[in-house]
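Listed below are the residues making up each chain.
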Amino acid sequence: MIDTCSRFSAFFGTGFGGRLSYAVGYTGLGVGATRFGANVMLDLLAGARTERTRLEMVGSKPLPFPPEPLRYGAIQLTRWSIAQADRRHGHRNLWLRSLDKMGLGFDS
């Protein structure tokens, strides 16, 4: 299954009073990371404080995508900005630099 989030990487959590754990946000590159994700989920279910559970990607949630029609505009602006950066030898405009500072996007 392919999923995504604003960080473009997996994130983790628990539900039902800690009786259920989850890993979501895999973007197609998750096959190699599923063993890591399974270990994180087992640590979370056990309530263990491990090196894995102390990672920021485990302890924090990504920002949600904005609702429509804002989402469409943000995606189009991002696509245009990435194309501009490609034409400008990687120079990122204010929009892409702002996304980077917020921890959003592929280069974050």
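For the structure given in this document, a descriptive report is provided here.

Rules of the game
- Residues numbered from 1 in each chain as written.
- Predicted model: local features only at pLDDT ≥ 70, side-chain atom pairs only at ≥ 80, totals over all residues.
- Heavy atoms only, no water.
- Helix = DSSP H or I, 4+ residues; strand = E, 2+ residues; numbered from the N terminus.
- Expected span 1.5 Å × (residues − 1).
- Buried < 20%, exposed > 50% of the residue type's maximum accessible area, 1.4 Å probe, protein only.
- Arc of directions from axis to C-beta.
- Contact = heavy atoms within 4.5 Å.
- Phe/Tyr/Trp six-rings, centres within 6.5 Å; stacked < 30°, edge-to-face > 60°.

1. Some remarks on helix 3 (residues 70-87)
- Its 18 residues place the ends of helix 3 26 Å apart at the C-alpha level, agreeing with the 26 Å of an ideal helix rising 1.5 Å per residue.
- For helix 3, the complete set of buried residues consists of T78, S81 and A85. For helix 3, the arc enclosing every buried residue in end-on projection is 65°, short of the 170-degree limit, so these residues lie on one face. Those residues of helix 3 that are exposed and angled more than 90 degrees off the buried face are Y72, R79, D86 and R87.
- On its buried side, helix 3 packs onto helix 4 (94-101).

2. Some thoughts on the packing of aromatic side chains
- According to the stated counting rule, one finds one aromatic pair in the structure shown.
- Relative to F36, the ring of F12 lies with its centre 6.1 Å away and its plane at 80°, an arrangement referred to as edge-to-face. Placement of the pair is F12 in strand 1 (residues 11-15) and F36 in helix 1 (residues 34-46), with a sequence separation of 24 residues.
- On the accessibility criterion, F36 (29% relative accessible area) is partly exposed.

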